[in-house]
Amino acid sequence: MNKRQKNKIKDDMTHEVYIEENNEFIFKKLIFNPLLRILGMLVLLIFSLVNSHRVVKLAALTSNAIFSSEKILGHITYYSLMGITIGICILVSLFALIYKYSADLKDIVVLRRAYQIYTVYDFIVFILSTFLCLFFVIMILITPCNISGSSMENTYQDGDRVLLWNIGYSPKDGDVIVFDSAKYTDTYERESRFYIKRIAAKEKDIITYVPISLVEGNLFVNNTYVEKIRRTEYNVMLSSLEYSYTLKFSVPKDKILVLGDNREPGGSRDSRAFGFIDEEEVIGKVLFRFYPFTKIGNPSPEYR
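Being a predicted model, the structure only gives us computed values, none of them experimental.

Student: What is the right way to read the pattern of salt bridges from this model?
Tutor: Pairs may arise between side chains of opposite charge once their charged atoms sit close together. Following the criterion strictly, the structure yields 13 salt bridges and no others. For Lys57, the salt bridge goes to Asp180, with nearest N and O atoms at 3.8 Å. Taken together, the residues Lys57 in helix H3 (residues 52-67) and Asp180 in strand E3 (residues 176-180) connect sequence positions 123 residues apart. Look at Lys57 and you get buried, because its relative accessible area is 4%. The class for Asp180 is buried, based on a relative accessible area of 3%. Here Asp270 ties to Arg272 by a salt bridge, and the two come within 2.9 Å at their closest N and O atoms. With respect to burial, Asp270 and Arg272 carry one shared label: buried. Each of Lys57, Asp180 and Glu281 takes part in one network of salt bridges that share partners.

Now the structure itself:
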């Protein structure tokens, strides 16, 4: 900006018409900008409440991946920040509306104060709304997950971090998924509420159990050998489906058989311990590992 332009602005600011027009402009932004932000937040809030059960899980999973705690960035923090953002917008809009009709719009001091208020408001709400939208996108589209334990060794290791895809996902054989284990295991039995396992069988797959002794047998899915399991483990699988004893059956609708890649005794707590899981408990499919940085990618299965 050259000296002539600066002098013109100084000269304009001495004119009441210029001051009044700019006051009108600033007050309109102070009144209507917060209302537009509130509308956006309400859309986000309604979508979140409709999917509240899933948001609670995704928020906990995201928080655990980032801070190793399910509560720091949990759903309470998410909804609290949304409420604070909406509250700030409502107060600013009401204040501007009331103050506009009591202030002298031809006063340069009013223009300066209005501009200062708008600058502070816009910065704070921009930071809050950006954080909320980013958190929402991370939860709903691509969710980070922290791997805990040795159940997926040697494919994934304890401490690895992966990204999940959870929009429109339908289970496929061999996919590595993360699911909520709360309804299948007691708290003392699990290191984390969220388990990462591999899909061994899904709806309509044919499960066959071939006994090789009184205590164990071979498990087949669609005539493909999967694993040697104990008879008691096979009975757990049947019990989870409320089936009577049989050596062959079809997986019912919305049920999934999950196994860890570490299938040594005690290596993975999976469907051998708690049976089939419900498809609705699946959070998402593992896309790829992003940490450690030396192992970025989607590794091939390595069973133990």
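Once you've had a look at it, read on.
Student: I'm lost on the packing of H3 against helix H5 (residues 108-140) in this one. Help?
Tutor: When two helices pack together, their arrangement is given by the angle between the helix axes and by the axis-to-axis distance. At a closest axis distance of 9 Å, the pairing of H3 and H5 adopts a crossing angle of 100 degrees. Judged by the inter-axis angle, H3 sits roughly perpendicular to H5. The residues of H5 that touch H3, namely those facing Val55, Leu58, Ala59 and Thr62, are Phe135, Ile138, Met139 and Ile140.

Student: Where do I start with helix H6 (residues 231-240) in this structure?
Tutor: Working note: α-helix, 3.6 residues per turn, so residues spaced by three or four point in the same direction. Those residues of H6 not exposed but buried are Glu233, Tyr234, Met237 and Leu238. Around the axis of H6, the buried residues are gathered within 145 degrees of arc, so they sit on the same side. Of the exposed residues in H6, the ones pointing more than 90 degrees away from its buried face are Thr232 and Ser239. At its buried positions, H6 is contacted by strand E5 (206-211), strand E6 (216-221), strand E7 (224-230), strand E8 (248-250), strand E9 (255-259) and helix H7 (271-274). Trailing H6 by a residue or two, Glu242 shows a phi angle of about 60 degrees, which is positive.

Student: Just to check I follow, could you spell out the nonpolar core for this structure?
Tutor: Soluble globular proteins tend to bury their nonpolar side chains together. Residues Tyr78, Leu164, Val178 and Val286 are the most contacted members of the largest nonpolar core, which totals 48 residues. If you list the elements that add at least two residues to this core, you get helix H2 (16-50), H3, helix H4 (75-100), H5, strand E2 (161-165), E3, strand E4 (194-201) and strand E11 (282-291). The element that contributes the greatest number of residues to this core is H5, accounting for 13 residues. Not counting residues within four places of it along the chain, the set of residues in contact with Val178 comprises Leu61, Cys145, Leu164, Phe194, Tyr195, Ile196, Glu281, Val282, Ile283, Gly284 and Val286. If you look at the next biggest cluster of nonpolar residues, it comprises 17 residues, including Ala200, Ile207, Tyr209 and Tyr234.

Student: Looking at this structure, I do not really get a nonpolar patch on the surface. What am I missing?
Tutor: A contiguous nonpolar patch, built from Val137, Leu141, Ile142, Trp165, Ile167, Leu287, Phe288, Tyr291, Phe293 and Ile296 and spanning about 860 Å² of accessible area, is present on the exposed surface. In terms of residue count, the dominant contributor to the nonpolar patch is E11 (3 residues). Mapping Phe293 onto the fold places it in the segment after E11. A residue is classified by how much of its surface remains accessible, and Phe293, at 61% relative accessible area, is exposed.

What counts as what
Residues numbered from 1 in each chain as written. Predicted model: local features only at pLDDT ≥ 70, side-chain atom pairs only at ≥ 80, totals over all residues. Heavy atoms only, no water. Salt bridge = Lys/Arg side-chain N within 4 Å of Asp/Glu carboxyl O. Helix = DSSP H or I, 4+ residues; strand = E, 2+ residues; numbered from the N terminus. Buried < 20%, exposed > 50% of the residue type's maximum accessible area, 1.4 Å probe, protein only. Axes fitted to C-alpha atoms, helices over the stretch in contact; angles between N-to-C directions. Parallel < 35°, antiparallel > 145°, perpendicular 65-115°, else oblique. Contact = heavy atoms within 4.5 Å. Arc of directions from axis to C-beta. Core = buried A, V, L, I, M, F, W, Y, C linked by side-chain atoms within 4.5 Å. Patch = residues over 30% accessible without salt bridge, like charges linked within 9 Å, V, L, I, M, F, W, Y side chains within 5 Å. Areas by Shrake-Rupley, 256 points an atom, 1.4 Å probe, with all protein chains shown as cover.

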